[in-house]
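# Report on the structure
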Amino acid sequence: MTTSPPITLCPDIIPHVLECLAPGRMPLEEDFPAVLAERKIRRHTLAMSARLCHAFAGPALDLLWRVLDDVKPLLSIIPSFMKEYGLFAEAVTDAEWERFQGYAGRVRELNALHNVDRHSEEPHLTWMVLMQRSRGLPLLPRLERLVISHHRSPLLMMLGSTLTHLDINLSNDSFLSQTKENLTAGMVRPYLPNLKGLSCYHDHVAPEDRDQAPGKIEVFALTNLHEVEIRHMRFLTRSMLTSLMAFLHLRKLDLEFERFAPEDRVAVAETPLEPGFFDLKELHLRSSFDAISTFFNATNPPCLESLSLTHESRFDPVLAPRRIIQDLHTTYTKIPRGIRCFHLRIVNHSYYYDDRDVAEPPQFPVSDLLPGILLTLHRDMREVTLLINLQTQLTNADLLALCAAWPALTRFEFSFLGEDHRPNIRYRASLPTFMTLVEFVRTHPHLERLALPCLSVERIPDITEMSPNSLDIPRHGLRLLRLSSLAPGTHIVLLALALDRMFPELELGYARVARAVQSSENIYDTGVLMILLLTLQTARRPRVRNSGVEHEE
């Protein structure tokens with residue numbers, strides 16, 4: 001048996017090499033499976049690197065602990081901490097505390113909100129132990145970003161001056177008194193002058209119980225902020241909007257409001273405000289499209305690059321959608337020129353429909369969601385995503401029409417919200433064909449992420465029976481692909497061969513950890529397709545022999 005020669009690497013280079021494995025923050029649940037899996041793979045690789053040798057241990061642990069999704073893994077460094085109870089079973093020794101500080105000093109971002117409810121929060125005794133051991137020093141001395149709820153508000157008393165971004169989730173439920181909310185806001189107040197980003201919102205608030213401003217935090221007076229997120233407001237007033245527009249360094253704004261205040265609505269709609277939002281690059285508005293149109297009519301941000309629009313409420317699935325679409329078209333006429341990224345989300349929380357209903361929800365063409373004005377006035381678009389649960393379907397004609405739009409596109413995602421992604425049987429004949437997909441990627445050579453609801457079972461080429469010269473399938477550098485479902489009758493093997501031919505560089509690492517699950521007789525999941533793609537991709541990679549053991553390069 002032979003051993004590999006020792007590898008020496010300059011200690012100053014190791015952190016830069018390992019930085020390529022930085023896991024980052026937890027992706028959204030609706031993100032691509034490959035993105036979700038990639039983070040797990042990176043964390044696992046960093047953990048293995050930390051065990052490799054002393055030279056790798058420090059830099060690898062710095063990255064592994066830089067972003068934490070919960071506070072309990074950190075507390076579990078102390079052997080006596082019982083995760084199921086959130087308590088210390090024994091006193092914390094000096095040696096245990098020193099080891100804990102070695103890991104706590106690595107944490108830059110902490111999501112102390114993740115998987116927390118009133119039944120799983122740590123008792124106050126736990127925080128008292130931590131405060132006693134920290135002796136007035138910051139528990140997390142290098143923490144820069146914190147996501148927290150009132151359940152873990154004692155943590156706010158153990159932070160330092162390094163905090164620059166705070167996301168605080170208050171609650172108006174019966175388990176949180178007004179006094180406790182005031183105390184939480186009071187603990188936040190010392191950090192406000194040094195913050196660059198602040199997110200605050202109430203959780204589970206009925207519209208009739210929403211305050212005009214969230215909690216007791218005077219967000220609209222914090223002109224030092226670069227990023228602002230305010231959720232679950234009932235009214236947006238003229239004075240609030242005027243204050244936000246005067247923030248000199250505001251680059252990112254996320255506003256959720258029910259409507260403009262009645263006393264201000266007419267004035268805001270008819271009289272534009274003084275120019276502002278000069279540095280605003282990223283804007284997310286969550287309201288009715290009528291209110292969003294009023295917002296743009298009054299503000300007109302001059303340097304906007306990314307725009308997200310969300311209409312999320314309960315509405316009649318038969319009568320309301322047409323009015324919503326009309327309001328959306330009005331909004332499109334108000335959008336400032338020059339945006340590069342556009343994200344649209346329409347969610348009906350009372351959407352229930354089956355074929356037995358007398359009144360059938362109207363079927364909207366995608367051209368109603370992406371009309372010509374969006375295609376012609378914003379040709380430099382780089383990202384376009386749609387997440388909806390209206391009755392609509394991306395047809396072959398729709399995808400063909402989009403071939404001529406946005407030539408610099410790098411991301412296009414059209415997805416339905418909900419578990420049932422199967423196409424309506426009445427519209428299966430109009431689904432996009434594989435050859436239309438070929439034309440779409442041919443006209444968008446920079447595309448990196450693509451999500452489509454479904455493809456037609458027709459016109460899937462059998463590349464095994466075609467000569468190389470007759471194949472009209474371009475090779476494309478697409479990295480992420482998602483089909484929400486497969487139409488019944490789809491020849492999965494032919495589709496996998498054709499997709500592998502067109503997209504040889506797909507990221508399919510998540511398919512390696514696929515597990516068999518119990519499913520119904522009719523399989524609509526695309527997991528089988530992705531496993532076939534992984535098999536074909538793996539088979540293409542050359543294999544070498546080293547020390548008598550065959551492995552992949």
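Residues numbered from 1 in each chain as written. Predicted model: local features only at pLDDT ≥ 70, side-chain atom pairs only at ≥ 80, totals over all residues. Heavy atoms only, no water.

### Let's talk about the overall build of the chain
When helices and strands are tallied, the chain shows 17 helices and 20 strands. Out of the 553 residues in the chain, the part that is buried amounts to 48%. Sequence separation of 24 or more characterises 76% of the internal contacts of the chain that already satisfy a separation of 6 or more. Accessible surface, the chain as shown: approximately 28,300 Å² in total, 53% of it carbon and sulfur. (Helix = DSSP H or I, 4+ residues; strand = E, 2+ residues; numbered from the N terminus. Buried < 20%, exposed > 50% of the residue type's maximum accessible area, 1.4 Å probe, protein only. Contact = heavy atoms within 4.5 Å. Areas by Shrake-Rupley, 256 points an atom, 1.4 Å probe, with all protein chains shown as cover.)

### Notes on unusual backbone geometry
Even without being a glycine, phenylalanine 277 presents a positive backbone phi close to 55°. Structurally, the position occupied by phenylalanine 277 is in the loop between α9 (262-270) and β10 (282-286). A positive phi angle, close to 50°, is found at asparagine 300, a residue other than glycine. Counting through the fold element by element, asparagine 300 comes out in the loop between α10 (289-299) and β11 (306-313). For asparagine 300, a relative accessible area of 48% gives the class partly exposed.

### Description of the nonpolar core
Grouped together as the largest cluster of nonpolar side chains are 148 residues, with contacts concentrated most on Leu146, Trp406 and Phe412. In terms of residues, this core owes the most to one element, helix α16 (residues 492-502), which gives seven residues. Discounting chain neighbours no more than four positions away, the residues touching phenylalanine 412 are Leu370, Val384, Leu402, Trp406, Phe440, Leu447, Arg449, Leu450, Ala451 and Leu452. (Core = buried A, V, L, I, M, F, W, Y, C linked by side-chain atoms within 4.5 Å.)

### Some remarks on the packing of aromatic side chains
As enumerated under the stated definition, the model contains nine aromatic pairs in all. Aromatic side chains tryptophan 97 and phenylalanine 100 sit 4.9 Å apart centroid to centroid with 25° between the ring planes, which places their arrangement in the stacked category. Within this pair, tryptophan 97 and its partner phenylalanine 100 are both found in helix α5 (residues 94-104), separated by three residues, close to a single helical turn. In terms of burial, tryptophan 97 and phenylalanine 100 fall into one category: buried. Pairing phenylalanine 412 with phenylalanine 440 gives two aromatic rings, centres 5.6 Å apart and planes at 55°, and the pair type is tilted. One end of the pair, phenylalanine 412, is in strand β16 (residues 411-416); the other, phenylalanine 440, is in helix α15 (residues 434-442), and 28 residues separate them in sequence. (Phe/Tyr/Trp six-rings, centres within 6.5 Å; stacked < 30°, edge-to-face > 60°.)

### What to know about the pairing of strand β14 (residues 383-388)
Counting buried positions along β14 gives five out of six residues, so the element sits mostly inside the fold. Where strand β12 (residues 341-348) meets β14, six bridges bridge the pair, whose relative direction is parallel. Looking at β14, one finds that histidine 343 is bridged to threonine 385. The pairing of β14 with β16 spans six bridges and is classified as parallel. Within the sheet, the bridge partner assigned to leucine 386 lies in β16 and is phenylalanine 414. (Pairing = 2+ DSSP bridges.)

### Points about the packing of α15 against α16
The N-to-C vectors of α15 and α16 enclose an angle of 10°; their axes lie 12 Å apart at closest approach. Here α15 lies roughly parallel to α16, going by the angle between them. Within the contact between the two elements, α15 uses Phe434, Leu437, Val438 and Val441 and α16 uses Leu495, Ala498, Leu499 and Met502. A breakdown of the residues in the contact of α15 with α16 according to their chemical character gives eight nonpolar, no polar and no charged. (Axes fitted to C-alpha atoms, helices over the stretch in contact; angles between N-to-C directions. Parallel < 35°, antiparallel > 145°, perpendicular 65-115°, else oblique. Nonpolar A, V, L, I, M, F, W, Y, C, P; charged D, E, K, R; others polar.)

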